[in-house]
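Here is what each chain is made of, one letter per residue.
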Amino acid sequence: MELIRVELDGREPTLDELYGPLLANFGHFTALQVRAGRVRGLDLHLTRLSAQTRELLGADLDTGRVRTWLRHALRDVPDASVRVNVYPGPTVMIFVRPPASPPASPLRLRSVPYERPAAHLKHVGGFGQIYFGMRAEAEGFDDALLTDRTGAVCESAIANIAFFDGTAVTWPTGPHLPGIEMQLLEPRLPSRRARVDLGGLGAFRSAFTTNSIGVTAVARIDDVEFTVDAGLMHRVEREFTAVPWDSI
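Note on numbering: residues in each chain are counted from 1, in written sequence order. Given that this is a predicted model, residues contribute local features only at a pLDDT of at least 70 and side-chain atom pairs are listed and counted only at 80 or more, while totals for whole chains, interfaces and linings are drawn from all residues. To get the side-chain values, take all heavy atoms of the structure and skip hydrogens and water.

**Regarding the overall build of the protein**
Inference 1: Each helix corresponds to a stretch of at least 4 residues labelled H or I by DSSP, and each strand to a stretch of at least 2 residues labelled E; elements are numbered beginning at the N terminus. Helix and strand content of the protein: 6 helices and 15 strands.
Inference 2: Each principal axis of the C-alpha atoms in the protein carries an extent, and together these give about 50 × 35 × 30 Å.
Inference 3: For every residue, the accessible area (1.4 Å probe, protein chains only) is compared with the maximum for its type, and the residue is labelled buried under 20%, exposed over 50%, or partly exposed between those bounds. Expressed as a percentage of its 248 residues, the buried residues of the protein come to 51%.
Inference 4: Summarising the internal contacts of the protein: among those between residues at least 6 apart in sequence, 65% fall at separations of at least 24.
Inference 5: Of the roughly 11,800 Å² that the protein leaves accessible, carbon and sulfur atoms contribute 53%.
Inference 6: For this count, His and the chain ends are skipped, Lys and Arg are scored as positive, and Asp and Glu as negative. Where a charge lies is defined by one atom per residue type: Lys uses NZ, Arg uses CZ, Asp uses CG and Glu uses CD. Taking the 27 positively charged and 30 negatively charged side chains of the protein as two groups, their mean positions are separated by 3 Å. Contacts between residues were defined by any pair of non-hydrogen atoms, one from each residue, lying within 4.5 Å. Using a 1.4 Å probe, accessible areas were evaluated by the Shrake-Rupley method; residue-level cover was limited to the displayed protein chains.

What follows is the structure in structure tokens.
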């Protein structure tokens with residue numbers, strides 16, 4: 001995808017400054033969609049960055065400066081996909097790309113036994129996710145569905161997943177990253193958290209994924225097919241659309 005701009009601590013980085021972060025590939029990030037200079041769940045994104053900087057790097061992050069750097073990186077780009085990476089220092093690298101939208105078609109997912117290391121962190125260096133995602137695509141699927149060694153559902157390679165039994169939405173409790181969109185949607189829907197096993201997928205009528213790009217229906221996991229419930233998806237998208245936008 002086209003890269004519009006990359007800035008390091010609010011300015012254009014030198015090649016020497018890029019060398020360390022790219023070679024070490026150690027840090028964490030948050031991803032967000034910006035429209036008209038605003039983003040949904042901004043406080044959640046900043047809280048994530050602050051908490052994960054403290055856990056990974058043992059340092060405090062000035063989120064006020066992060067907001068200032070975000071505004072600078074987006075100074076002439078009202079709509080964008082943005083990734084905020086935090087590396088040792090801490091130092092903050094902001095990538096600005098064109099805005100993105102959810103896939104037009106429901107997803108077909110291929111289950112794989114893989115847990116992201118420190119799954120609760122949105123860390124850089126996702127070799128396993130990319131590898132299994134590419135393997136899934138080579139087998140005719142759209143992405144991978146990650147499971148733990150006991151067969152419990154965790155998350156997709158790039159999103160949270162939720163299942164609907166006709167009454168409530170179940171968010172799997174396998175090791176996963178609590179995504180910002182998941183955090184925004186969960187209290188707005190009849191939700192519960194519970195273990196979901198691959199062998200028990202037939203108990204659910206529908207499924208959908210959530211990530212920074214939006215909400216997407218799931219049509220199939222392995223050989224299990226799901227109903228693409230227009231009413232459910234309309235409600236989920238309506239609730240997501242109702243989340244207020246925050247000015248950066």
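**Remarks on the packing of aromatic side chains**
Inference 1: Two aromatic rings from Phe, Tyr or Trp, using only the six-membered ring of Trp, form a pair when their centres are within 6.5 Å; if the ring planes differ by under 30 degrees the pair is stacked, by over 60 it is edge-to-face, and anything between is tilted. Taken as a whole and assessed by the stated rule, the structure comprises 6 aromatic pairs.
Inference 2: Centroid distance Phe 163 to Phe 204: 5.2 Å. Interplanar angle 40°. Geometry classified as tilted. Residue Phe 163 is found in strand 9 (residues 160-164), and its partner Phe 204 is found in the loop between strand 11 (191-194) and strand 12 (206-211); the two are separated by 41 residues along the sequence.
Inference 3: On the basis of relative accessibility, which here comes to 0%, the residue Phe 163 falls in the buried class.
Inference 4: A residue is classified by how much of its surface remains accessible, and Phe 204, at 15% relative accessible area, is buried.
Inference 5: Their ring planes at 45° and their centres at 6.1 Å tell us that Phe 163 and Phe 226 sit as a pair that is tilted. Taken together, the residues span a long stretch of sequence, with Phe 163 in strand 9 and Phe 226 in the loop between strand 14 (224-225) and helix 6 (230-242) at a distance of 63 residues.
Inference 6: Ring pairs connect the aromatic residues Tyr 114, Phe 127, Tyr 131 and Phe 132, which therefore count as one cluster.
Inference 7: Cation over ring: Arg 83 sits above Phe 29, and NZ or CZ is 3.6 Å from the ring centre. When the NZ atom of lysine or the CZ atom of arginine is within 6 Å of a ring's centre and also within 35 degrees of its normal, the charge is said to sit over that ring.

**Regarding helix 2 (residues 42-57)**
Inference 1: With 16 residues, helix 2 extends 22 Å between its outermost C-alpha atoms, agreeing within 8% with the 22 Å of an ideal straight helix rising 1.5 Å per residue.
Inference 2: Of the positions making up helix 2, those classed as buried are Leu 42, His 45, Leu 46, Arg 48, Leu 49, Ser 50, Gln 52 and Thr 53.
Inference 3: On the buried face of helix 2, the contacting elements are strand 2 (28-34), strand 3 (38-40), helix 3 (63-73), strand 4 (80-87), helix 5 (180-185) and strand 15 (245-247).
Inference 4: Gly 58, located one to two residues past helix 2, shows a positive phi value of around 65°. To estimate how far a helix should extend, the number of its residues minus one is multiplied by 1.5 Å.

**Some thoughts on the side chain of Asn 211**
Inference 1: Relative to the assigned elements, Asn 211 resides in strand 12.
Inference 2: Here a polar contact is recorded for every N or O atom pair within 3.5 Å, except that within protein the pair must consist of a potential hydrogen donor and a potential acceptor, and residues adjacent in sequence are included only if both atoms are side-chain atoms. Side-chain polar atoms of Asn 211 contact the backbone oxygen of Ile 158, separated by 3.4 Å.
Inference 3: Within the structure, the side chain of Asn 211 is placed 3.0 Å from the backbone nitrogen of Ile 213, a separation counted as a polar contact.

**Quick notes on the pairing of strand 8 (residues 153-156)**
Inference 1: When DSSP finds two or more bridges between two strands, those strands count as paired. With 3 bridges joining them, strand 7 (residues 143-147) and strand 8 adopt antiparallel strand pairing. Note on strand 8: the bridge partner recorded for Leu 145 is Ser 156.
Inference 2: Linkage of strand 7 to strand 8, two consecutive antiparallel strands, is achieved through a turn of 5 residues, within which Gly 151 is found at a positive phi near 95°.

**Side note on the pattern of salt bridges**
Inference 1: Should a side-chain nitrogen of Lys or Arg be within 4 Å of a carboxyl oxygen of Asp or Glu, the pair is scored as a salt bridge. Applying the stated criterion across every chain, the model contains 14 salt bridges.
Inference 2: The shortest N-O distance in the salt bridge between Glu 17 and Arg 11 comes to 2.7 Å.
Inference 3: Classification of Glu 17 by relative accessible area gives partly exposed; the value is 26%.
Inference 4: Residue Arg 108 pairs with Asp 142 through a salt bridge whose shortest N-O separation is 3.2 Å. Of this pair, Arg 108 sits in strand 6 (residues 107-113) while Asp 142 sits in the loop between helix 4 (127-138) and strand 7, placing them 34 residues apart in sequence.
Inference 5: Three or more residues are tied together by salt bridges with common partners; here these are Arg 110, Glu 139 and Asp 222.

**Here we look at the environment of Thr 227**
Inference 1: Within the secondary structure, Thr 227 is located in the loop between strand 14 and helix 6.
Inference 2: As a C-alpha pair, Thr 227 and Ala 80 span 147 residues in sequence and 32 Å in three-dimensional space.
Inference 3: Contacts of Thr 227, omitting those with residues within four sequence positions, involve Arg 205 and Ser 206.

**Description of helix 3**
Inference 1: Looking at helix 3, one finds that the buried residues are Val 66, Trp 69, Leu 70 and Ala 73. Projected down its long axis, helix 3 shows its buried positions confined to an angular sector of 105°, all on one face.
Inference 2: Summarising the contacts, the buried residues of helix 3 are in contact with strand 1 (5-8), helix 2, strand 4 and strand 5 (91-97).
Inference 3: Backbone nitrogen of Gly 64 and a side-chain oxygen of the N-cap are separated by 3.0 Å at the start of helix 3; the cap is Asp 62. The arc in question is traced by the directions running from the helix axis to the C-beta atoms.

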